[in-house]
Amino acid sequence: MKKIYLDSNATTQVHPEVIEAMVPFFGEIYGNASSVHLFGREAKKHLEKARSQVAKMINASSSEEIVFTAGGTEADNYAMRGIAEALKDKGNHIITSSVEHPAVLNTCKYFEKQGYEVTYLGVDEYGIIDLDELAKSIKDKTILITIMAANNETGTIMPIDEISAIAQGKGVPFHSDAVQYVGKMPLDVQKTKIDLISMSGHKINGPKGVGALYIKKGTKLAKFRYGGHQEKGRRPGTENVPGIVGLGKACEIATEKGQENYARVQCLRDKLHERIQSEIKMTRLNGHPEKRLPNTLNIGFDYLEGESILLSLDLEGVAVSTGSACTSGSLEPSHVLMSMGIDALYSQGSVRFSFSIFNTEEEIDYVMEKLPAIIARLRAMSPVYPGDE
Amino acid sequence: MSEYSEIVMEHFSNPRNVGEMKDPSGRGKVGNPVCGDIMELFIKVDENEIIEDAKFRTFGCGAAIASSSILTEMIKGKSIEEARKISNEAVVDALGGLPSVKRHCSVLAEEALTKAIDDYMSKKTA
Ligand SMILES: Cc1ncc(COP(=O)(O)O)c(C=O)c1O
Ligand code: FES
């Protein structure tokens with residue numbers, strides 16, 4: 001059976017060049033980067049190379065602004081809790097959006113329990129916050145604005161340039177969860193003044209469980225945890241050298257070939273979108289038509305429930321994901337689609353196709369050989385389907 | 001989703017008795033308050049109170065579709081009296097089990113059946 005992976009916002013295949021770069025660090029180069037001897041120095045050299053590869057991807061002024069973490073969730077926690085603690089004498093108000101990843105949303109819930117006040121900005125039908133509303137909700141007590149760069153479910157891109165200008169104007173630190181954004185879209189922190197940026201390796205063909213936090217020089221941030229002096233004491237613990245080397249390589253590939261790779265990815269994605277629109281009735285795009293990651297296509301199939309589509313595609317070897325309540329574990333429909341005001345009946349039938357640099361045109365043709373029949377079969381089974389006109 | 005049993009996947013892939021029924025003896029349409037899904041069951045009952053035919057339509061997950069499909073097989077040929085005794089646990093057992101978060105989907109099947117039988121009874125007495 002064919003195996004087609006269209007769930008790259010969940011995770012990606014590790015790039016062969018990344019694997020190649022990592023292999024020596026599971027074997028002969030095993031030193032502890034903190035040791036002063038030859039073994040340690042060798043590991044340290046590669047650790048610092050990786051740091052500059054990450055820094056370069058976002059054009060940071062110095063690689064010292066990059067701290068390695070154990071992934072995107074940790075970077076989000078570190079940034080948000082680090083600010084909340086460092087600025088607790090200044091205030092207790094945090095601004096975020098209603099469509100953030102759970103790594104941010106649940107950290108905000110934790111803050112609320114701790115007595116912080118959190119403003120959850122709503123979004124429009126495309127999943128974008130209102131900048132006026134953001135500006136108006138900033139108070140003297142506001143210590144953090146945390147808004148994701150791009151949404152994992154819909155791919156919708158937030159106006160991070162404008163948000164950073166507003167945050168700077170008010171002197172409030174701006175953190176952005178850019179886990180889905182960096183590597184797929186160019187980001188230059190000299191132009192877009194973000195104070196804290198979360199990144200993760202496994203969304204950009206790097207390894208899992210490794211990520212980074214960009215901390216703009218001068219940003220007041222409490223330590224993530226207590227321990228040794230690794231990462232300048234900011235995030236102690238013996239470094240995951242193989243993972244970090246892999247992250248560095250993934251960032252290097254993204255810096256060098258990102259634009260070219262994702263231009264191709266976007267062509268494939270748009271081809272699938274056009275074919276779905278012309279070959280399947282009653283579908284809708286969830287997310288912004290243009291301000292959207294080049295690899296993400298979230299489609300609502302009216303009168304259907306997403307898990308049944310996911311299962312049917314899985315039986316044909318095609319991997320996707322859905323915002324349907326039935327697959328969420330919590331049985332709640334997607335908070336992202338709900339925030340966008342999409343009726344529960346329609347959000348149930350949402351399917352996310354997310355592409356990677358390894359997808360091919362043949363794969364899209366194969367999906368379209370299967371998908372129309374799957375949708376027709378399931379609609380024939382649906383008691384809410386009104387029939388074709 | 002790999003936690004679905006082979007029987008569930010088989011019924012999901014080849015559901016039995018799908019569709020609408022003209023002039024059913026009883027019809028039960030229920031919504032699942034847990035996840036917003038909908039199931040509709042039709043039964044045709046003969047003069048000896050035996051369910052001679054059953055059909056369903058479901059807007060729901062794989063477990064809901066498989067539950068409705070197997071339910072129609074379980075009730076066909078049974079008397080109304082016997083069919084009434086079929087619980088959601090019996091549906092789960094027949095499916096070779098359901099993941100714990102999916103057990104409520106089988107409750108939908110039980111409720112649709114109860115409602116279809118009640119509908120039949122009320123029409124009969126009317
Ligand atoms: C937007 C966003 N933020 C954070 C994360 C968490 O990253 P990680 O899986 O590396 O912890 C993800 C992915 O799961 C994500 O899509
Ligand atoms: S019917 Fe919705 S989760 Fe099963």
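Criteria and cut-off values
Residues numbered from 1 in each chain as written. Chains lettered and ligands numbered in written order. Predicted model: local features only at pLDDT ≥ 70, side-chain atom pairs only at ≥ 80, totals over all residues. Heavy atoms only, no water. Near = heavy atom within 4 Å. Polar contact = N/O pair within 3.5 Å; in protein donor to acceptor, adjacent residues only side chain to side chain. Areas by Shrake-Rupley, 256 points an atom, 1.4 Å probe, with all protein chains shown as cover. Helix = DSSP H or I, 4+ residues; strand = E, 2+ residues; numbered from the N terminus. Domains from an automatic or database assignment. Contact = heavy atoms within 4.5 Å. Buried area = accessible area lost by both parts, 1.4 Å probe. Nonpolar A, V, L, I, M, F, W, Y, C, P; charged D, E, K, R; others polar. Buried < 20%, exposed > 50% of the residue type's maximum accessible area, 1.4 Å probe, protein only. Salt bridge = Lys/Arg side-chain N within 4 Å of Asp/Glu carboxyl O. Pairing = 2+ DSSP bridges. Axes fitted to C-alpha atoms, helices over the stretch in contact; angles between N-to-C directions. Core = buried A, V, L, I, M, F, W, Y, C linked by side-chain atoms within 4.5 Å. Parallel < 35°, antiparallel > 145°, perpendicular 65-115°, else oblique. Left-handed = near helix turned anticlockwise from the far one by under 90°. Phe/Tyr/Trp six-rings, centres within 6.5 Å; stacked < 30°, edge-to-face > 60°. Lys NZ or Arg CZ within 6 Å of the ring centre and 35° of its normal.

Quick look at the site of ligand 1 now. All names here are of chain A. Taken together, the neighbourhood of ligand 1 is formed by 13 residues, with G72, T73, D177, S200 and K203 sitting nearest. H101 is positioned with one of its side-chain polar atoms (N or O) 3.3 Å from an oxygen atom of ligand 1. Contacts to ligand 1 include K203, whose side-chain N or O atom sits 2.8 Å from an oxygen atom. Protein burial of ligand 1: of its 390 Å² of free accessible surface, 87% is covered by the chains. A per-element tally of the shell around ligand 1 places helix α3 (residues 72–86) first, with 3 residues.

All names here are of chain A. By the assigned domains, chain A splits into domain 1 (4–11 + 257–381) and domain 2 (16–254). The straight-line distance from the C-alpha centre of domain 1 to that of domain 2 is 28 Å. Contacts between the two partners involve 28 residues from domain 1 and, on the opposite side, 31 residues from domain 2. Between domain 1 and domain 2 lies a buried interface of about 2400 Å² when both sides are counted; carbon and sulfur atoms form 55% of it. There are 17 residue pairs in polar contact (both at pLDDT 80 or more) connecting domain 1 and domain 2. Elements with a minimum of two residues in the side of domain 1 that touches domain 2: α7 (241–279), β10 (296–301) and α9 (335–339). The class makeup of the residues in the side of domain 1 that touches domain 2 is 10 nonpolar, 14 polar and 4 charged.

Attention now moves to the environment of L95 of chain B. Residues and elements named next belong to chain B. Here L95 is to be found in the loop between α4 (88–94) and α5 (103–125). Accessibility expressed as a relative area gives 0% for L95, which makes it buried. Distance in space between the C-alpha atoms of L95 and Y4 is 9.2 Å, their sequence separation being 91 residues. Discounting residues that sit within four places of it in the chain, L95 has contacts with S5, I7, V8, A66, S67 and I70.

To continue, consider the interface of chain B and chain A. Facing the 25 residues of chain B at the interface are 23 residues of chain A. Interface area for chain B against chain A, summed over the two sides, is near 1900 Å², with a carbon-plus-sulfur share of 70%. Between the two partners, chain B and chain A, sit 1 salt bridge. Where E307 of chain A meets K102 of chain B, a salt bridge forms, and the shortest distance between an N and an O atom there is 2.6 Å. For the pair chain B and chain A, the interface holds 8 residue pairs in polar contact (both at pLDDT 80 or more). Put simply, the parts of the chain that give the side of chain B that touches chain A at least two residues each are α1 (6–13), β2 (38–45), β3 (51–59) and α2 (62–75) of chain B. If one sorts the elements of the side of chain B that touches chain A by residue count, β3 of chain B sits on top with 4 residues. Considering only residue class, the side of chain B that touches chain A consists of 15 nonpolar, 5 polar and 5 charged.

Even without being glycine, E231 of chain A reaches a positive phi, approximately 50°. Within the secondary structure, E231 of chain A is located in the loop between β8 (211–215) and α7. For E231 of chain A, a relative accessible area of 6% gives the class buried. A positive phi angle, near 65°, is found at E49 of chain B, a position not held by glycine. By the element assignment, E49 of chain B lies in the loop between β2 and β3. The partly exposed category is assigned to E49 of chain B, whose relative accessible area is 24%.

Residues and elements named next belong to chain A. Spatially, the 7 strands line up as an open sheet ordered β2-β8-β7-β6-β5-β3-β4, and their pairing is mixed. Looking at the sheet topology across the chains shown, the edges are occupied by β2 (66–69) and β4 (117–121). Averaged over neighbouring strand pairs, the angle between their axes works out to 20° when direction is ignored. Each of β2, β7 (196–200) and β8 is contacted by helix α2 (residues 38–57), which is oriented at about 110° to β2, the strand it contacts most. Its contacts with the sheet place helix α6 (residues 160–170) against β5 (142–146) and β6 (174–177), and it is angled at close to 160° to β6.

What follows concerns the nonpolar core. Ranked by size, the top nonpolar core spans 71 residues in total, and within it I276, F301, F353 and L371 of chain A together with I43 and I75 of chain B carry the most contacts. Setting aside residues up to four positions removed in sequence, I43 of chain B forms contacts with M21, P24, S25, G26, I51, D53, A54, I75, I80, A116, I117 and Y120 of chain B.

Right, let's get into helix α8 (residues 306–315) of chain A. All names here are of chain A. With 8 of 10 residues buried, α8 is to be regarded as a mostly interior element. All buried positions along α8 are accounted for by G306, E307, S308, I309, L310, L311, S312 and L313. Following α8 by one or two positions, G317 has its phi on the positive side, about 90°.

Let's shift gears to the packing of α2 of chain B against α5 of chain B. Residue and element names in this part refer to chain B. Contact geometry for α2 and α5: axes closest at 8 Å, N-to-C directions at 40°. One finds that α2 runs oblique with respect to α5. Note that α2 runs across α5; the crossing there is right-handed. Listed contacts from α5 to A63, A64, S67, L71 and I75 of α2 are C105, S106, A109 and L113. Grouping the amino acids of the contact of α2 with α5 by side-chain chemistry returns 7 nonpolar, 2 polar and no charged.

Scanning the model with the defined rule gives 6 aromatic pairs over all chains in all. Centroid distance Y110 of chain A to F111 of chain A: 5.9 Å. Interplanar angle 45°. Geometry classified as tilted. Joined through ring pairs, the aromatic side chains of Y110, F111 and Y116 of chain A make up one cluster. Positioned above the aromatic ring of Y346 of chain A is the side chain of R284 of chain A, whose terminal nitrogen or guanidinium carbon lies 3.9 Å from the ring centre. The ring centre of F12 of chain B lies 5.3 Å from the NZ or CZ of R377 of chain A, which sits over that ring.

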